[in-house]
Amino acid sequence: MAPLGILLLAAGSSTRMGKPKQLLPWHDTTLLRHMASMACKAHDGPVMVVLGHEAEKCRETLHDLSLQITFNPRWEEGMGSSIAHGMAALLNTHPNLKGAVVMLCDQIAVSREVLGDLLLAQAESNADVVLSDYDHTHGPPALFSWRMFPQLLALTGSQGARALWEEAESRATVSFPLGIYDLDTPEQYQTHAGGHISLAVS
């Protein structure tokens, strides 16, 4: 059976944070390494990390993990550019993938259990897209079947994947209430890193 891949987006400049959030201390390491390590432990398929801003420093924090890294030279154009670039890199090394999970570096409550729920839901439903359900909306992490790869590869600029899953012929969802938590500002980082809320991070 063709494997599933994970695409971890970590290319942004963290404008609202004022410093690269990828390199923030988190769980005795950096946020990026924590999320990448968790992704590697979540399944047996390939993990591709898309870097951009402060790429070399980010690369250093990942040096001994069993994953692949790609640098998006057009990362400043936005998330769509990084998704398309990352998918192209992932399929270049693993052309027989049957699906891919797109996850964000700063979505701090994502765990192996959440990723496992996405994989299970896709296996049971064979849906084009499996989305996380939180705060009365749907979003990442999201699993896209191979049928959606052409659309992911065609994304440009700051265009995200929301339009793709809204137009998908079949969708499934998994419950992920803690998906609302991410890190955009210093205040959010201080709150979450200080343990003021309970996050199911493994």
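This text goes with the structure placed above it.
Residues numbered from 1 in each chain as written. Predicted model: local features only at pLDDT ≥ 70, side-chain atom pairs only at ≥ 80, totals over all residues. Heavy atoms only, no water.

Visitor: I'd like a rundown of the nonpolar core, residues and numbers included.
Guide: Residues Ile6, Leu8, Leu32, Val49, Met103 and Leu115 are the most contacted members of the largest nonpolar core, which totals 42 residues. When contributions to this core are tallied by element, the ones reaching two or more residues are strand S1 (4-10), helix H1 (31-42), strand S4 (47-51), helix H2 (55-61), strand S6 (99-104), helix H4 (112-125), strand S7 (129-134) and strand S9 (171-175). In terms of residues, this core owes the most to one element, H1, which gives 7 residues. Setting aside residues no more than four positions away along its own chain, leucine 32 makes contact with Leu8, Ala10, Gln22, Val49, Leu51, Cys58, Thr61, Leu62 and Cys105. By size, the runner-up hydrophobic cluster in this structure holds 27 residues, among which are Leu91, Leu97, Met148 and Trp165. (Core = buried A, V, L, I, M, F, W, Y, C linked by side-chain atoms within 4.5 Å. Buried < 20%, exposed > 50% of the residue type's maximum accessible area, 1.4 Å probe, protein only. Helix = DSSP H or I, 4+ residues; strand = E, 2+ residues; numbered from the N terminus. Contact = heavy atoms within 4.5 Å.)

Visitor: Give me the lowdown on the sheet that holds S7, citing residues and values where you can.
Guide: Note on sheets: strands pair through backbone hydrogen bonds, and any given pair is parallel or antiparallel. Strand order in the open sheet formed by 7 strands is S5-S4-S1-S6-S8-S7-S9, with mixed pairing between adjacent strands. Each edge of the open sheet is held by one strand with a lone partner, namely strand S5 (68-71) and S9. In this sheet, adjacent strand axes meet at a mean angle of 25° when their direction is disregarded. Here S7 runs beside strand S8 (residues 137-145); their pairing, made up of 5 bridges, is antiparallel. (Pairing = 2+ DSSP bridges. Axes fitted to C-alpha atoms, helices over the stretch in contact; angles between N-to-C directions.)

Visitor: Mind laying out unusual backbone geometry, listing which residues take part and the relevant values?
Guide: The omega torsion across proline 140 and proline 141 is 0°, close enough to zero to call that bond cis. Not every positive phi belongs to a glycine, and asparagine 126 is a case in point at roughly 55°. In this structure, asparagine 126 sits in the loop between H4 and S7. With relative accessibility at 46%, the residue asparagine 126 sits in the partly exposed group. Even without being a glycine, histidine 136 presents a positive backbone phi close to 65°. Within the secondary structure layout, histidine 136 lies in the loop between S7 and S8.

Visitor: Report on H1, specifying residues and quantitative values.
Guide: Two residues of an α-helix separated by three or four positions point the same way, owing to the 3.6 residues in each turn. A rise of 1.5 Å per residue sets the reference length of H1, with its 12 residues, at 16 Å; its end C-alpha atoms lie 17 Å apart and thus fit the reference within 8%. Buried residues dominate H1, accounting for 9 of its 12 residues. Of the residues making up H1, those classed as buried are Leu31, Leu32, His34, Met35, Ala36, Ser37, Met38, Ala39 and Ala42. (Expected span 1.5 Å × (residues − 1).)

Visitor: Got a sec to walk through the environment of arginine 33? Specific residues and values, please.
Guide: For arginine 33, the location among the structural elements is in helix H1. Residues arginine 33 and serine 66, 33 residues apart in the sequence, show an inter-C-alpha distance of 11 Å. Other than its neighbours up to four places away in sequence, arginine 33 contacts Thr61, Leu62, Asp64 and Leu65.

Visitor: Explain the pattern of salt bridges residue by residue, including any values.
Guide: According to the stated counting rule, one finds 5 salt bridges in the structure shown. Here glutamate 77 ties to arginine 74 by a salt bridge, and the two come within 2.9 Å at their closest N and O atoms. Judged by its relative accessible area of 38%, glutamate 77 is partly exposed. Among the residues examined, arginine 74 registers a relative accessible area of 51% and is labelled exposed. (Salt bridge = Lys/Arg side-chain N within 4 Å of Asp/Glu carboxyl O.)

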